[in-house]
Amino acid sequence: MINRRLPALLLVLGGLLCGCSAAPADTHSPSAEERPFWQDEFDGSAAARPSEESWNTETGNRDAEGWGNNELQFYTDDVANSALDGTGNLVISARPAPAESELPCYTQEFCTWTSARLTTEGKVALTRGRVEVRAKMPTGTGLLPAIWMLGDNGVEWPGQGEIDICEVVGGEPRTVYGTAHGPTYFNENGIGGSATLPTDASQAFHTYAVDKEPHRITWSVDGEPYLTLTPSKLPTPRDWVFEQDMHLLLNVAVGGDWPGSPDSSTPSPAKMTVDYVRFYGTGRT
């Protein structure tokens, strides 16, 4: 499956696009006593890879057509690109490709950057409830780090369904984008909103979350909701595709259709540091 994820057009549909606001009804807010049905706290020795019981590592670029976005990074399973740091974090690092590495690229002969893309596909999925990811996101020209979900319904994208929990694009270091993609609302017609952070996303950890309830999805940052989506806000309400299991993806993309190309100011390495991932409610492990 080639996921053609392009920059989302933030649509104002019945008040859908908003800044942070009071919490909407019927969100799944875990109580202090509630335990996640699955979590990864990334406790382990430095340079250890994330657990293969929960995580897949996708690799390549050319065969995936630049991951659908004309991206410049070659995803690897090398510890230089994804590993635990020994202090309770997973670190996904985008960095210039080693000299003379000749990694095949879709948009040019060789990829000039390497990075990592981890997924829980086939291993862990959320059916109903909340996913929380506490992370510091890299910022800088040409970068597009993302925390997102894809549906497990076996349908080709965009009918598969996609929930972008958090994207931080290129030169907008304080803006967090949340977006949904489905059969009739995808690419530039994806439906979404944004929240503004007090400082650059790379400067502090924030908790990025989605509450996935029957016929309602709510996005939040640090417990503050900023976007709610229901079937009535879709171009065609019957094209709601989110009543299904959905798996998680973590990646740092470089270049492509939305953030543009990196330049001399782009951090190297550019690191997504993930403190934890937690699923509350019901799902599959």
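Residues numbered from 1 in each chain as written. Predicted model: local features only at pLDDT ≥ 70, side-chain atom pairs only at ≥ 80, totals over all residues. Heavy atoms only, no water.

Turning next to the overall build of the protein. Looking only at helices and strands, one finds 0 helices and 17 strands in the protein. A buried classification covers 54% of the 285 residues belonging to the protein. Contacts in the protein between residues at least 24 apart in sequence constitute 75% of all its contacts with a sequence separation of at least 6. Accessible area of the protein: about 11,500 Å², with a carbon and sulfur share of 46%. (Helix = DSSP H or I, 4+ residues; strand = E, 2+ residues; numbered from the N terminus. Buried < 20%, exposed > 50% of the residue type's maximum accessible area, 1.4 Å probe, protein only. Contact = heavy atoms within 4.5 Å. Areas by Shrake-Rupley, 256 points an atom, 1.4 Å probe, with all protein chains shown as cover.)

Moving on: the confidence of the model for the protein. For the protein, mean pLDDT is 91; residues scoring 70 or higher make up 89% of the total. Counted against residues more than four places away or in other chains, residues 1-25, with its pLDDT under 50, gives 88 contacts. (pLDDT = per-residue confidence, 0-100.)

Bringing unusual backbone geometry into the picture now. In this chain, Trp157 is followed by Pro158 through a cis amide linkage whose omega measures 10 degrees. Note that Pro158 resides in the loop between strand S9 (143-151) and strand S10 (162-167). Between Ser268 and Pro269 the backbone carries a cis peptide bond, its omega angle lying at 0 degrees. Phi angles above zero are rare outside glycine, and Ala47 is one such case at about 75 degrees. Assignment of secondary structure puts Ala47 in the loop between strand S1 (38-40) and strand S2 (56-58).

Its place among the elements puts Ala135 in strand S8 (residues 125-136). Along the sequence, Ala135 and Ala204 sit 69 residues apart, while their C-alpha atoms lie 8.0 Å from each other. Ala135 has contacts with Ile147, Ala204, Phe205, His206, Tyr208, Thr273 and Val274, leaving out every residue within four places of it along the chain.

Moving on, we get to the side chain of Thr120. Counting through the fold element by element, Thr120 comes out in the loop between strand S7 (117-119) and S8. Once residues within four sequence positions are removed from consideration, Thr120 is found in contact with Trp38, Ser54, Trp55, Asn56, His247 and Leu248.

Most of strand S16 (residues 246-254) is tucked away: 9 of the 9 residues are buried. Side chains of S16 alternate between two faces, with Met246, Leu248, Leu250, Val252 and Val254 and His247, Leu249, Asn251 and Ala253 buried alike. Two strands pair when backbone bridges link them, and S7 and S16 are joined in this way by 3 bridges, in the antiparallel orientation. In the strand pairing of S16, Thr119 is matched with Leu249. The sheet contact formed by S9 and S16 spans 9 bridges and is antiparallel. Its bridge partner being in S16, Leu144 is matched across the sheet by Ala253. (Pairing = 2+ DSSP bridges.)

Another aspect to go through is the environment of Arg284. Along the chain, the position of Arg284 falls in strand S17 (residues 270-284). Not counting chain neighbours up to four residues away, the residues in contact with Arg284 comprise Phe37, Gly122, Lys123, Val124, Ala125, Asp152 and Asp245. Polar contacts involving the side chain of Arg284 include one to the side chain of Asp152, which spans 2.7 Å. (Polar contact = N/O pair within 3.5 Å; in protein donor to acceptor, adjacent residues only side chain to side chain.)

Another aspect to go through is the pattern of salt bridges. Counted by the stated rule, this structure contains 8 salt bridges. Note that Asp200 is salt-bridged to Arg174, the shortest N-O span being 3.5 Å. One end of the pair, Asp200, is in the loop between strand S12 (191-196) and strand S13 (206-213); the other, Arg174, is in the loop between S10 and strand S11 (175-181), and 26 residues separate them in sequence. The exposure class of Asp200 is partly exposed, given its relative accessible area of 24%. Arg174 sits in the partly exposed class, given a relative accessible area of 42%. Linked by salt bridges that have partners in common, Arg130, Glu132 and Asp211 make up one network. (Salt bridge = Lys/Arg side-chain N within 4 Å of Asp/Glu carboxyl O.)

Attention now goes to the nonpolar core. Formed by 52 residues in total, the largest nonpolar core has its most connected members in Ile147, Tyr208 and Leu248. Counting residues in hydrophobic clusters, the runner-up holds 7 residues, among them Ala64, Val169, Tyr177 and Ala253. (Core = buried A, V, L, I, M, F, W, Y, C linked by side-chain atoms within 4.5 Å.)

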